[in-house]
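# Structural description and commentary
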Amino acid sequence: MTTRELQDLIIEEKKKRDVCILAHAYQSHDIWEVADFVGDSYGLSVQAAKATQKNVIMCGVRFMAETVKLLSPDKNVLLSNPLAGCPMAQQVSREKVLQLRNQYPDHLVVAYINTTTDMKRAVDVVVTSSSAVQIIKNLPDKNILFIPDCNLGDWVAKQCPDKNFQFIQGGCPTHMSVSAKTVEEARKLHPHALFAVHPECIKEVVEKADYIGSTTGIMNFCKKSEAKEFIIGTEQSIVQHLQIECPDKNFYALSNALVCHNMKMTTLSDVYNSIIGKERAVITLPDETISEARKCIDRMIELGG
């Protein structure tokens, strides 16, 4: 069976079985082409909540599927590859957050959405990479404990100078794998290219960027820019997606190390098997957990997320 034939079969079966397919931006392009929605994790959760289908398949990692379930508790939510997780989401437990609350009693706990549902039960508000600055600026609180990504937190802190930040050591292993030297080498190879980077990278890398933003933000920047060459400082799949969508421009990966192996676990066959009921993870969350974890997401929405 060819890729196109399998894609056609997936499209046919998802219609029969009332399935909505969500694909995170870091998925491969063959999965993008069968998805109903493509984007960042929270944006996909919002789209799923609006979708008419009762069954939702997340092509991404577990915390993303859990977020879909939080916003759509009445829907049947599936993770296309049961083993796809996020190392950053596992860095801070709920118990650790409760300890940090005792350590910083006068701080509001702000968590990156790339965290587990259980951990979300213990925080005050969550943010996305695209909404973090706006949300924190809108908070009346001055003292912020930002978890778990200290790199994203540092970038946010620079734009919110009236707030006092505390961080813990954490972040995305993929984005943290590149250095300032890597940027210098990429610029030498592509001297006319603009450099767009995700704020999960270390500050020495972020400081050298022409544009800093979420994955969706990076893609929109490159599409709208009049420039013809770009160095992409986020997961390598974005280079492929942009090259397909903007064939008149050239895109270069900042580093060969920028590969999310958990995202790469999901295949087109996984998507098909999920639709027909094989080799999938059904996301189940207790009602009490959903109620507690939704509070920090509702606060984000209230503050402009």
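Notes on the structure in this doc start here. (Residues numbered from 1 in each chain as written. Predicted model: local features only at pLDDT ≥ 70, side-chain atom pairs only at ≥ 80, totals over all residues. Heavy atoms only, no water.)

### Section: the sheet that holds strand S2 (residues 37–39)
- Read from one edge of the open sheet, 5 strands run S2-S1-S3-S4-S13, paired in mixed fashion. Each edge of the open sheet carries a strand with a single partner, namely S2 and strand S13 (281–282).
- Pairing geometry for strand S1 (residues 19–24) and S2, over 3 bridges, is parallel. Within S2, the position partnered with Leu22 by the bridge is Phe37. (Pairing = 2+ DSSP bridges. Helix = DSSP H or I, 4+ residues; strand = E, 2+ residues; numbered from the N terminus.)

### Some remarks on the sheet that holds strand S12 (residues 250–253)
- An order of S10-S9-S11-S12 is seen for the 4 strands of this open sheet, with the pairing classed as parallel. Where the open sheet ends on each side, the last strands, each with one partner, are strand S10 (211–212) and S12.

### What about the packing of helix H1 (residues 3–16) against helix H14 (residues 268–276)?
- At a minimum axis separation of 10 Å, H1 and H14 run at an interaxial angle of 25°. Between H1 and H14, the interaxial angle falls into the category roughly parallel. In the crossing of H1 with H14, the sense of the turn from one axis to the other is left-handed. Judged by residue contacts, Thr3, Leu6, Gln7, Leu9, Ile10, Glu13 and Lys14 of H1 engage Leu268, Ser269, Val271, Tyr272, Ile275 and Ile276 from H14.
- Split into classes, the residues belonging to the contact of H1 with H14 amount to 8 nonpolar, 3 polar and 2 charged. (Axes fitted to C-alpha atoms, helices over the stretch in contact; angles between N-to-C directions. Parallel < 35°, antiparallel > 145°, perpendicular 65-115°, else oblique. Left-handed = near helix turned anticlockwise from the far one by under 90°. Contact = heavy atoms within 4.5 Å. Nonpolar A, V, L, I, M, F, W, Y, C, P; charged D, E, K, R; others polar.)

### As for the pattern of salt bridges
- Scanning the model with the defined rule gives 16 salt bridges in all.
- Here Glu12 makes a salt bridge to Lys16, at a shortest N to O gap of 3.2 Å. Remark: Lys16 and Glu12 occur in helix H1; sequence separation between them is 4 residues, near one turn of the helix.
- Looking at Lys16, the relative accessible area reads 58%, which means it is exposed.
- The partner of Lys142 in a salt bridge is Asp162, and the shortest N-O contact between them spans 3.3 Å. Taken together, the residues span a long stretch of sequence, with Lys142 in the loop between helix H7 (132–138) and strand S7 (143–147) and Asp162 in the loop between helix H8 (150–159) and strand S8 (164–167) at a distance of 20 residues.
- You can call Asp162 partly exposed: its relative accessible area is 43%. (Salt bridge = Lys/Arg side-chain N within 4 Å of Asp/Glu carboxyl O. Buried < 20%, exposed > 50% of the residue type's maximum accessible area, 1.4 Å probe, protein only.)

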